[in-house]
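What follows is each chain in one-letter form.
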Amino acid sequence: GIYFLEFVLGFLDQNCKSVPAGLWYWCTWGLVNSLLLPSVLMLPLAIKGQKTYGSLSFLASLHLLQAWQWLFLAFRMNLQILKWRVLNLVGTAVLLVIFAS
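Because the structure is predicted, anything quoted here is derived from the model rather than measured. (Residues numbered from 1 in each chain as written. Predicted model: local features only at pLDDT ≥ 70, side-chain atom pairs only at ≥ 80, totals over all residues. Heavy atoms only, no water.)

Scanning the protein chain from terminus to terminus reveals three helices and two strands. Tracing the protein chain from N to C terminus, the helices and strands come up as α-α-β-β-α. Considering only residue pairs separated by 6 or more positions, the protein chain has 43% of its internal contacts joining residues 24 or more positions apart. Summing over all exposed atoms, the protein chain offers an accessible surface of approximately 8300 Å²; the carbon and sulfur share of this is 77%. (Helix = DSSP H or I, 4+ residues; strand = E, 2+ residues; numbered from the N terminus. Contact = heavy atoms within 4.5 Å. Areas by Shrake-Rupley, 256 points an atom, 1.4 Å probe, with all protein chains shown as cover.)

Below, the discussion takes up the nonpolar core. Within the largest apolar cluster, seven residues are counted, these being F7, F11, Y25, W29, V32, L36 and L59. Residue assignment for this core shows that the elements contributing at least two residues are α1 (2–17) and α2 (19–41). In terms of residues, this core owes the most to one element, α2, which gives four residues. In this view, L59 contacts V32, L35 and L36; residues no more than four positions away in its chain are not counted. (Core = buried A, V, L, I, M, F, W, Y, C linked by side-chain atoms within 4.5 Å. Buried < 20%, exposed > 50% of the residue type's maximum accessible area, 1.4 Å probe, protein only.)

With 23 residues, α2 should cover 33 Å at 1.5 Å per step; its first-to-last C-alpha distance of 32 Å lies within 8% of that length. Within α2 the residues assigned to the buried category are G22, Y25, W29, V32, N33, L36 and S39. Here α2 starts with a cap whose side-chain oxygen sits 3.2 Å from the backbone nitrogen of A21, and that cap is S18. (Expected span 1.5 Å × (residues − 1). Polar contact = N/O pair within 3.5 Å; in protein donor to acceptor, adjacent residues only side chain to side chain.)

Okay, structure coming up:
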């Protein structure tokens, strides 16, 4: 469920940029998701009496990188808003000092 939610949010974000960017995202991340989940689900199955440890679960690290990118994007936006708030407060304080003296 979390992979799907992250995929849909990323797809909508890319689709807002352009339709080709959205389709590119759909084909690349869609491929990653279609390979990741079945490979993890196949881990407990035994082949010729031996269980396998091979999986494409390293692809989950790509989702982790995408999550970090979303986090940094959110922090950058919050820092931008914080910067404007600080400038607004400092500017108001300067004007109050000028008009009060």
